[in-house]
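One letter stands for each residue in the lines below.
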Amino acid sequence: MPSPDAAARHTGAGVARRQAHHERMRDERAREAAAGDAELPPEDDAVEMASAAQLLDSVAEVGPNYTLLRSKETKAKRRKRQREDARAYRCMRMCMHMSI
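Residues numbered from 1 in each chain as written. Predicted model: local features only at pLDDT ≥ 70, side-chain atom pairs only at ≥ 80, totals over all residues. Heavy atoms only, no water.

- As named in an unreviewed UniProt entry, the protein chain is Ribosome biogenesis protein NOP53, taken from Emiliania huxleyi.

Next comes the structure, spelled out in structure tokens:
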């Protein structure tokens, strides 16, 4: 039975670009490790416990991720508004046609 990987063969220019990117990242990590600049995971004693209250106090409840949702327009109100808009549009088009 053929392996499932045999059927999933990626082709195209993206494959070469992705492979080149992976090679660049691998080389960069190797250079950082050789220079001693590599990011190491924190030591166990460097982890501090924090309560949920402390974390919530530090989070600002403003900005694009914390916008209030608009209340939804009911279907009846939306349809009524659309009818009125369509009526106004037809009236405007008719007035423009008559003035020509």
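Back to the write-up after that little detour.
### Overview of the overall build of the protein chain
So, point 1. Looking only at helices and strands, one finds 4 helices and 0 strands in the protein chain.
So, point 2. Ordered by position from N to C terminus, the α and β elements of the protein chain give α-α-α-α.
So, point 3. When each of the 100 residues of the protein chain is scored for burial, the buried share is 0%.
So, point 4. Counting only carbon and sulfur atoms, one obtains 56% of the accessible surface of the protein chain, whose full area is about 10400 Å². (Helix = DSSP H or I, 4+ residues; strand = E, 2+ residues; numbered from the N terminus. Buried < 20%, exposed > 50% of the residue type's maximum accessible area, 1.4 Å probe, protein only. Areas by Shrake-Rupley, 256 points an atom, 1.4 Å probe, with all protein chains shown as cover.)

### Quick notes on helix α2 (residues 13-35)
Each α-helix winds once per 3.6 residues, and so residues spaced three or four apart point in a common direction.
So, point 1. Compared with the 33 Å implied by 1.5 Å per residue over 23 residues, the 33 Å span of α2 between its first and last C-alpha is a close match.
So, point 2. Where α2 terminates, the next one or two residues include Gly36, which has phi positive at roughly 85°. (Expected span 1.5 Å × (residues − 1).)

### Focus: the pattern of salt bridges
So, point 1. Scanning the entire structure with this criterion turns up 2 salt bridges.
So, point 2. Of the charged contacts in the structure, one is a salt bridge between Arg81 and Glu73, with a shortest N-O distance of 3.0 Å.
So, point 3. The partner of Asp85 in a salt bridge is Arg81, with the nearest N and O atoms 3.8 Å apart. Taken together, the residues Asp85 and Arg81, both in helix α4 (residues 75-99) and 4 residues apart, mark about one turn of the helix.
So, point 4. Among the ionic contacts, a cluster of salt bridges with common partners joins Glu73, Arg81 and Asp85. (Salt bridge = Lys/Arg side-chain N within 4 Å of Asp/Glu carboxyl O.)

### Brief notes about a nonpolar patch on the surface
So, point 1. On the surface, a nonpolar cluster with roughly 320 Å² of combined accessible area is contributed by Tyr89, Met92 and Met96.
So, point 2. By the element assignment, Tyr89 lies in helix α4. (Patch = residues over 30% accessible without salt bridge, like charges linked within 9 Å, V, L, I, M, F, W, Y side chains within 5 Å.)

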